Amino acid sequence: MAAYTDRTIVVTGASQGIGRALCLELAAQRPKLVLAARDAAALEEVAGQCRQEGAEALVVPTDVTDPEACRHLVERSVAAFSSLDVLVNNAGIGLVARVEEVSDVTVFERLVRVNYLGSVYPTCFALPHLRKSSGQIVVVSSLAGLAGVPTRAGYAATKHAQIGFFDSLRVELRGSGVSVTVVTPYFVQSEIRRRSVGPDGRLLDHSPVHESEVMTAEECARQIVGAMPRRRRMLVMTARGRLLRLVRPFLPGLVDRLAERAVKRGR
């Protein structure tokens, strides 16, 4: 039997990008998937594909910035499948702008609500059920949560907060049987590019990344699903990412320059 056969797995941000790829990658193991995002039609399409692969799939349209919607997501999942084994916090949006260029400062709050609180809220409601199942929390964060990234300050700040929260929660959960895995992708071909906003708070009309030269969402999902059964503490996906993490405490200026160069090159 596969690791997640008959396990109940909630995935936020499941309608596209890494979340969609994760659901499809997990589906072959025949789990009970709960797909959450705001776009109900897109969720139904993904759910249909997951069912074809052998999974049970429940669609629960959810705005992760709304605490009551997150409560409903967890309660609906448990009511449908009697338990909750895995929560994957994946929903997120991006911001591409130098701080001094931002004309709509409310965009920073928007990022906090989606990227940070949008993972905190589902987790708080899921924890009692995860304790019962000795379950696991998987957080799709970013390498930007481990270092400063120019033109991504607002996004990086939310990912720093997210990692800080879940690193702290991991300590609190020690001995409970509940594990926390933080995933820190580098550049990925993901729909977050299309959900990124510019300095005026409006959606970008182009991708700042050379999509053909970076990791696909499918490869990202494969790596995450491979790490999940091992309940790894943190998954840093690329050799470059692992090197930057190791070098930063000793050569922070070098890492700053490398981050700046990577953003300019878009890969």
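Our structure is the block above this text.
Note that this is a predicted model, so its numbers are computed, not measured. (Residues numbered from 1 in each chain as written. Predicted model: local features only at pLDDT ≥ 70, side-chain atom pairs only at ≥ 80, totals over all residues. Heavy atoms only, no water.)

Unusually for a residue other than glycine, Asp6 sits at a positive phi of about 65°. Among the secondary structure elements, Asp6 is positioned in the segment before strand S1 (8-12). You can call Asp6 partly exposed: its relative accessible area is 46%. One non-glycine residue, Ser82, lies in positive phi territory at about 75°. (Helix = DSSP H or I, 4+ residues; strand = E, 2+ residues; numbered from the N terminus. Buried < 20%, exposed > 50% of the residue type's maximum accessible area, 1.4 Å probe, protein only.)

Leu33, Leu35 and Ile224 are the most contacted members of the largest nonpolar core, which has 35 residues in total. With sequence-adjacent residues up to four places away left out, Leu35 is seen in contact with Val11, Ala14, Cys23, Leu43, Val46, Ala47, Ala57, Leu58, Val59 and Val60. Within the second largest apolar cluster, 27 residues are counted, among which are Ala36, Val139, Leu169 and Val236. (Core = buried A, V, L, I, M, F, W, Y, C linked by side-chain atoms within 4.5 Å. Contact = heavy atoms within 4.5 Å.)

Let us now look at the pairing of S1. Two faces, one strand: in a regular strand the side chains alternate between the faces of the sheet. Among the 5 residues in S1, 5 count as buried, and that is most of the element. Both faces of S1 are covered, namely the face carrying Thr8, Val10 and Thr12 and the face carrying Ile9 and Val11. Two elements, S1 and strand S2 (residues 32-37), share 5 bridges in a ladder whose sense is parallel. Looking at the pairing, Thr8 lines up with Lys32 of S2. With helix H1 (residues 17-27) bridging S1 and its parallel neighbour S2, the resulting β-α-β unit is right-handed. (Pairing = 2+ DSSP bridges. Right-handed = clockwise from strand over helix to strand, strands pointing away.)

When the terminal C-alpha atoms of helix H4 (residues 106-133) are compared, their 39 Å separation across 28 residues agrees well with the 40 Å that a helix rising 1.5 Å per residue should span. The largest bend in H4 comes to about 50°, at Leu127, with the proline Pro128 one to four residues further on. Residue Ser134 follows H4 closely and has a positive phi angle near 50°. (Expected span 1.5 Å × (residues − 1). Bend = angle between axes of the 7 residues up to and from the residue.)

The next point concerns the side chain of Thr65. Following the sequence through the fold, Thr65 ends up in the loop between strand S3 (56-61) and helix H3 (67-81). Owing to a relative accessible area of 14%, Thr65 belongs among the buried residues under this scheme. Engagement of the side chain of Thr65 in a polar contact is seen with the side chain of Asp63, the distance being 2.7 Å. Apart from residues no more than four positions distant in its own chain, Thr65 is found in contact with Arg113, Val114 and Tyr121. (Polar contact = N/O pair within 3.5 Å; in protein donor to acceptor, adjacent residues only side chain to side chain.)

Next up on the list: the sheet that holds strand S7 (residues 179-184). With parallel pairing, the 7 strands of this open sheet are ordered in space as S3-S2-S1-S4-S6-S7-S11. Of all strands in the sheet, those with a lone pairing partner are S3 and strand S11 (234-236), marking the two edges. Averaged over all pairs of adjacent strands, the angle between their axes in this sheet comes to 15°, without regard to strand direction. Alignment of S7 against S11, held across 3 bridges, turns out to be parallel. Pairing of Thr184 across the sheet is with Val236, part of S11. Packed on one face of the sheet, helix H2 (residues 40-52) meets S2 and S3 and runs near 175° to S3. Its contacts with the sheet place helix H6 (residues 217-227) against strand S6 (136-140), S7 and S11, and it is angled at close to 150° to S11. (Axes fitted to C-alpha atoms, helices over the stretch in contact; angles between N-to-C directions.)

Turning our attention to H3. Relative to the 21 Å expected for 15 residues at 1.5 Å per residue, H3 spans 21 Å between its end C-alpha atoms, a close match to the ideal helical length. Those residues of H3 not exposed but buried are Ala69, Cys70, Leu73, Val74, Ser77, Val78 and Phe81. Considering only its buried residues, H3 is in contact with S1, S2, S3 and H4. The first or second residue beyond H3 is Ser82, which carries a positive phi of 75°.

All chains considered together, the criterion is met by 5 salt bridges. Taking the shortest distance from any N to any O, the salt bridge between Arg71 and Glu68 comes out at 3.2 Å. Taken together, the positions of Arg71 and Glu68, both in helix H3 and 3 residues apart, correspond to about one turn of that helix. The salt bridge partner of Glu219 is Arg222, with a shortest N-O separation of 3.1 Å. Of this pair, Glu219 and Arg222 both sit in helix H6, separated by 3 residues, roughly a single helical turn. Overall, Glu219 belongs to the partly exposed group, its relative accessible area being 28%. (Salt bridge = Lys/Arg side-chain N within 4 Å of Asp/Glu carboxyl O.)

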